[in-house]
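Survey of secondary and tertiary structure
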Amino acid sequence: MIDREKPIGVFDSGVGGVSVLRELVRIAPFENIIYYGDSANAPYGDKSTDEVRELAFAAFNKLISMGAKAIVVACNTATGASVRLLREQYPDIPIVGIEPAIKPAVIYGETVLGKSDGSSKVLVMATPVTISQSKFAHLTEEYEKRAKIIPLPCPHLAELIEAGDPNSIEVENYLKELLAPYKDVDSVVLGCTHYPFSASLIGELLPGVKIFDGGLGTAKEALRRIEAAGLKNENKTEGSISFISSKNEESTELYKKFFYM
Ligand code: DGL
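Keep in mind it's a predicted model, so treat the numbers as computed, not measured.

Basis of the calculations
- Residues numbered from 1 in each chain as written.
- Predicted model: local features only at pLDDT ≥ 70, side-chain atom pairs only at ≥ 80, totals over all residues.
- Heavy atoms only, no water.
- Pairing = 2+ DSSP bridges.
- Helix = DSSP H or I, 4+ residues; strand = E, 2+ residues; numbered from the N terminus.
- Axes fitted to C-alpha atoms, helices over the stretch in contact; angles between N-to-C directions.
- Contact = heavy atoms within 4.5 Å.
- Buried < 20%, exposed > 50% of the residue type's maximum accessible area, 1.4 Å probe, protein only.
- Core = buried A, V, L, I, M, F, W, Y, C linked by side-chain atoms within 4.5 Å.

Concerning the sheet that holds strand E9 (residues 241–245)
- In space, the 5 strands of this open sheet follow the order E4-E3-E1-E2-E9, with parallel pairing throughout. Of all the strands in the sheet, the pair left with one neighbour each is strand E4 (95–97) and E9. Within this sheet the neighbouring strands show an average axis-to-axis angle of 20°, counted without direction.
- Note that strand E3 (residues 70–73) and E4 share 3 bridges and pair parallel. The partner of Ile 71 across the bridge, within E4, is Ile 95.
- Here helix H2 (residues 49–65) sits on the sheet in contact with strand E1 (8–12), strand E2 (33–37), E3, E4 and E9, set at roughly 155° to E1.
- Strand contacts of helix H3 (residues 76–89): E1, E3 and E4, with the helix running at about 160° to E4, the strand carrying the most contacts.

Focus: the pairing of strand E5 (residues 121–126)
- Among the 6 residues in E5, 5 count as buried, and that is most of the element.
- Sheet analysis places E5 next to strand E6 (residues 148–153), joined by 6 bridges and oriented parallel. When the bridges of E6 are listed, Met 125 appears paired with Leu 152.
- With 4 bridges connecting them, E5 and strand E7 (residues 187–190) associate as parallel partners. If you follow Val 122 over to E7, its bridge partner there is Ser 187.

Digging into the nonpolar core
- Judged by nonpolar contacts, the single largest core of 51 residues is most densely connected at Leu 24, Met 125, Leu 157, Leu 175 and Leu 179.
- Every residue in contact with Leu 175, bar those within four places of it in the chain, is listed here: Met 125, Leu 157, Ala 180, Ser 198, Leu 201, Ile 202 and Leu 205.
- Counting residues in each nonpolar core, the second largest holds 22 residues, with Ile 34, Ala 59, Ile 71 and Ile 95 among its members.

On their own, these measurements won't tell you what the molecule is for.
Laid out in structure tokens, this is it:
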């Protein structure tokens, strides 16, 4: 197979990265893609950074062994734990990660809401590991003069979504309690790729609050990097999408269900 026709590998701890995959397929329909969910080891969000790094390297190597020409780390937790090291070790492979979309939320506060005095409130929902990482601390430091950034760890939320219904009563009750003190924020950043599937519920619980997620930005960056490396698939027939899981067939069915949701 010529390099351009090789697949893009996309991975997450489970179903969450499908929210990034959907955006990638929308903007790059001609690419072949392998989606790998590490459901046997999910969730990543309450493991140590070292454990997540090890799992991310294993997922990366699995996709490379399957012939991936580029890798999208469609998991904020794994990106924070591994992307810098992956790039150091594999400088010739385009590797794109995802991080909480704080920048557009800050710009929204300044421009659309006119709060250029740093008073707009940005709530960042993410896994406990993402919020504890130094990458996250650097990201929030970058914007702390321009907005009030409020990190909100959401332990077990990814697991509740992974259970199969992102709008279940369990997810709703969890979010109701978690978000009750934050009705006055201006925007919410979904800093875990599982959360966009519950975005409408989050929107109902925080009326008038603008929601941001990094899925589309990450997909665009992946496409840009692939083009820059001369690896864009020029074929004009729809690409293939394969779903694989470290766990079982049931998990791959779940990924497909969320993909078409
Ligand atoms: N979807 C992942 C993220 O973006 C993490 C979910 C988990 O395994 O805890 O952070």
